[in-house]
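Take a look at the letters that make up each chain.
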Amino acid sequence: MGSQQIDIVMLPFMAHGHLIPFLSLATQIHHRAGFNIAIANTPLNIQYLRSTFHQHQNPPWIHLFELPFNSAGHGLPPNSENTENLPLDQIGKLVISSVSLKTPFHNLLLDIIKKQGKPPLCIISDVFFGWVVEVANIMNTVNITFATSGAYGTLALFSFWLNLPHRKTDSEEFNLPGFPERCKFHVSQLHEFMRKADGNDSWSRFLKSQFSSSLQSFGWLTNTAEELEPLGLDSLRKYTQFPVWPIGPLLQKQLLNKSPLSSSSSTTQHAGKSPGISAEKCVEWLDMHDLASVLYISFGSQNTVSRSQMMELAIGLEKSWTPFIWVIRPPLGFDLKAEFRSEWLPEGFEARMKESNQGLLVKNWAPQLEILSHKSTGAFLSHCGWNSTMESLSQGVKIIGWPMAAEQAFNSKMLVDEMGVSVELTRGVQSSISSEKVKEVIGIVMEKEGKGGDMKRKVEEIAHQIREAVKDEGNEKGSSIKAKDDFISAIKTRKQEVFS
Ligand code: UDP
């Protein structure tokens, strides 16, 4: 830490999809306000963050602090310090065990305050860490909650856990407090463990206590833009009753370099992910195909589908004659890092796709940003993780939704109902999908006219809104840039009020 004072301390949740937006936020706040920022996390995640910097050397304004964490002590496999490769029940354990970071985090703050003689301006913590509000109060500073997802999805998740039980009748549909009456949610949008939650089980009790504490924060930052989510943001503001600054989307640098977007500057290598193909090879393959003709398929960094779903997806793809790039992993029940077996796909599928040039199968990990920003990519069959969603929308790429977990089903609902840029194919890993349905949905979405054409117009409009929101040229400042500045002045004003 040296002699530098620390203005903001950040505590992201232990998942790549959270660590990277936090790092990006830190970079942007530093560039706008010159603040020095500390990021605290478990040792492996700090190493991961460090590995994203050039020659593993973090810039002097960023301070990385390791908080001791014993995963085995929480019934997790040794060295399980983030969600990667953890099954859902283990991810649950990781979420719950993160409360054990409270004492080391408290001690870290004491140390910082001792060295610099005053508390940081604020703490920015993840939505799962409601306990930080208490630490912030004790330290005479404030907690800001940063939701790395969108407003709609995060509010749906909060409202779900804070207002259990929801289904007072046998109906499969239900409303969530905070959303207008017209927003009907469906039981199939809930993950199995959410379906079982009755308000008194351990999950319900834990999340309810964390989420209600998060609602005592000074304010919220969200990884979305004002124009993108009018309903989500309006509902979130009414529900939380405190300032919500939509400062996103925090997109990755590589993508921004290729697109007219210009304001991000974070580095975002996915350390530990071995690419199944080089970006050059992907671009070469895409170059051979027509404008907006290719379907890109990926389920994010930690999901896969069941064996029967994989089979039907493959058959449907082949029948559709649509060119595709598919990031493929071993199906559910197999080690995700295991060698891919051809028996998981229809006989001869891989060879036929190669020969006809219809499909490019990428094992494990693809350069998603390069693929989405290529002119041949027309649609994205996605699990609707928030980063993937924003990357697709920012490039004007239509979506076929197949949500899996977390708030993805709510994101998918918003993409269909509020934005009109997606058709949902199915949900989860237990649904039965037919190759006919796969072919039909691909046909609708890839179409240049009709519904597919409408979706394209809408998604282009959203891509434009994103470019405008992050615009930062002279006096022309987009809504997300203004929101960042508003947030910075709010915490500076609080400092003057408290310390003058
Ligand atoms: N990603 C990638 N290549 C892949 C799969 C994922 O680069 O083969 C990146 C993708 O660009 C996105 C992130 O991993 O930035 C996935 O984040 P998201 O929020 O969409 O889903 P999660 O992995 O958290 O479920």
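What counts and what doesn't
- Residues numbered from 1 in each chain as written.
- Predicted model: local features only at pLDDT ≥ 70, side-chain atom pairs only at ≥ 80, totals over all residues.
- Helix = DSSP H or I, 4+ residues; strand = E, 2+ residues; numbered from the N terminus.
- Rg over C-alpha atoms; globule rule 2.2 N^0.38 Å.
- Buried ≥ 20, exposed ≤ 12 C-beta atoms within 10 Å, placed from the backbone.
- Contact = placed C-beta atoms within 7 Å.
- Expected span 1.5 Å × (residues − 1).
- Near = placed C-beta within 6 Å.
- Nonpolar A, V, L, I, M, F, W, Y, C, P; charged D, E, K, R; others polar.
- Core = buried A, V, L, I, M, F, W, Y, C linked by C-beta atoms within 7 Å.
- pLDDT = per-residue confidence, 0-100.
- Pairing = 2+ DSSP bridges.
- Axes fitted to C-alpha atoms, helices over the stretch in contact; angles between N-to-C directions.
- Right-handed = clockwise from strand over helix to strand, strands pointing away.
- Arc of directions from axis to C-beta.
- Parallel < 35°, antiparallel > 145°, perpendicular 65-115°, else oblique.
- Left-handed = near helix turned anticlockwise from the far one by under 90°.

Q: Go over the overall build of the protein chain with me, naming the residues and quoting the values.
A: Counting its secondary structure elements, the protein chain contains 19 helices and 17 strands. For a compact globule of 500 residues, the expected C-alpha radius of gyration is about 23 Å, and the protein chain comes in at 22 Å, within 12% of that figure. When its C-alpha atoms are laid out on the principal axes, the protein chain stretches across 70 × 55 × 45 Å. By the burial criterion, 47% of the 500 residues in the protein chain qualify as buried. Of all intrachain contacts in the protein chain linking residues separated by at least 6 positions in sequence, the fraction that spans at least 24 positions is 70%.

Q: If you had to explain helix α12 (residues 307-320) to someone new, which residues and values would you point to?
A: With 14 residues, α12 extends 20 Å between its outermost C-alpha atoms, agreeing within 8% with the 20 Å of an ideal straight helix rising 1.5 Å per residue. The secondary structure elements touched by the buried residues of α12 are β11 (324-328), α13 (349-356), β12 (359-363) and α17 (435-446). Immediately beyond the C-terminal end of α12, within one or two residues, lies tryptophan 321, with a positive phi of roughly 60°.

Q: A description of the site of the ligand should follow, citing residues and the corresponding values.
A: Around the ligand, a shell composed of 16 residues is seen, among which Gly17, Gly300, Ser301, Gly385 and Ser388 lie nearest. It is helix α15 (residues 386-394) that provides the largest number of residues to the shell around the ligand, a total of four residues. Its residues assigned to classes, the shell around the ligand comprises five nonpolar, 10 polar and one charged.

Q: Explain the nonpolar core residue by residue, including any values.
A: The nonpolar side chains of a soluble globular protein tend to be buried with one another. Judged by nonpolar contacts, the single largest core of 132 residues is most densely connected at Ile8, Val9, Met10, Leu295, Ile325 and Ile400. If we skip the residues at most four places from it in the chain, isoleucine 325 touches Cys282, Val294, Tyr296, Ile297, Leu360, Val362, Ala366 and Ile371.

Q: Any details on the confidence of the model for the protein chain? Residues and values, ideally.
A: The share of residues in the protein chain with pLDDT of 70 or more is 93%, and the mean pLDDT across the chain is 91. Taken as a whole, residues 254-269 scores under 50 in pLDDT and shows 43 contacts with residues more than four places along the chain or in a different chain. On the interface metric, ipTM, the complex scores 0.99, and its pTM is 0.93.

Q: Summarise the sheet that holds strand β9 (residues 244-246); cite the residues concerned and give the values.
A: Taken in spatial order, the seven strands make up an open sheet running β3-β2-β1-β4-β5-β8-β9, and their pairing is parallel. Both outer strands of the open sheet, β3 (62-66) and β9, are each paired with one neighbouring strand and no more. The sheet shows a mean angle of 25° between the axes of neighbouring strands, direction not considered. Those strands touched by helix α1 (residues 16-33) are β1 (8-11), β2 (37-41), β3, β4 (122-126) and β5 (142-147), and its axis lies near 165° from that of β2.

Q: Describe the pairing of strand β8 (residues 219-222), and please don't skip the residues or the numbers.
A: As a general feature of sheets, a regular strand has side chains that alternate between the two faces. One ladder, built from four bridges, connects β5 with β8; its direction is parallel. Residue pairing in the sheet places isoleucine 144 in a bridge with glycine 219 of β8. Note: β8 against β9, three bridges, orientation parallel. Note that in β9 the partner of leucine 221 across the bridge is tryptophan 245. Considered for its hand, the β-α-β crossover made up of β8, helix α9 (residues 230-240) and β9 is right-handed.

Q: Describe the sheet that holds strand β15 (residues 422-424), listing the residues and the values that go with them.
A: Read across the sheet, six strands follow the order β12-β11-β10-β13-β14-β15 without closing on themselves; strand pairing throughout is parallel. Edge positions in the sheet fall to β12 and β15, since each has one partner strand and no second. The average undirected angle you get between the axes of adjacent strands in this sheet is 20°. The strands touched by helix α16 (residues 408-419) within the sheet are β14 (398-401) and β15, with β15 carrying the most contacts at an inclination of about 125°.

Q: Tell me what's going on with the pairing of strand β13 (residues 377-382), and back it up with residues and numbers.
A: Within β13, six of the six residues are buried, which leaves the element mostly enclosed by the surrounding structure. The pairing of strand β10 (residues 294-298) with β13 spans five bridges and is parallel. By the bridge assignment, tyrosine 296 is partnered in β13 with phenylalanine 380. Relative to β14, β13 runs parallel, the two sharing four bridges. Counted as the bridge partner of alanine 379 is lysine 398 from β14. In this region the chain leaves β13, passes through α15 and returns to the parallel neighbour β14; the handedness of that crossover is right-handed.

Q: Kindly report on helix α4 (residues 102-116), identifying the contributing residues and their values.
A: Its 15 residues place the ends of α4 21 Å apart at the C-alpha level, agreeing with the 21 Å of an ideal helix rising 1.5 Å per residue. Among the residues of α4, those classed as buried are Phe105, Leu109 and Ile112. Summarising the axial view, the buried residues of α4 lie within an arc of 60°, below the 170-degree limit, and thus occupy one face. Summarising the geometry of α4, the exposed residues directed more than 90 degrees from the buried face are Thr103, Asn107, Asp111 and Lys114. Where α4 is buried, its residues meet β1, β2 and α5 (132-138).

Q: Describe the packing of helix α6 (residues 151-162) against helix α8 (residues 202-214), and please don't skip the residues or the numbers.
A: The interhelical angle for the contact between α6 and α8, taken along N-to-C directions, is 120°, at an axis separation of 9 Å. Classified by the angle their axes make, α6 and α8 are oblique. Both α6 and α8 take part in a crossing whose hand is left-handed. Residues Phe158, Trp161 and Leu162 of α6 pack against Ser204, Leu207, Lys208, Phe211 and Ser212 of α8. Classifying every residue of the contact of α6 with α8 gives five nonpolar, two polar and one charged.

Q: Lay out the environment of phenylalanine 146 with the relevant residues and their values.
A: By the element assignment, phenylalanine 146 lies in strand β5. The buried category is assigned to phenylalanine 146, around which 26 C-beta atoms lie within 10 Å. Sequence separation between phenylalanine 146 and lysine 184 is 38 residues; the distance between their C-alpha atoms is 26 Å. In this view, phenylalanine 146 contacts Phe22, Leu25, Ile124, Asp126 and Leu221; residues no more than four positions away in its chain are not counted.

Q: I'd like a rundown of the environment of proline 243, residues and numbers included.
A: Relative to the elements of secondary structure, proline 243 occurs in the loop between α9 and β9. For the pair formed by proline 243 and tryptophan 220, sequence separation is 23 residues and the distance between their alpha carbons is 6.3 Å. Those residues in contact with proline 243 that lie beyond four places of it in its chain are Gly219 and Ala490.

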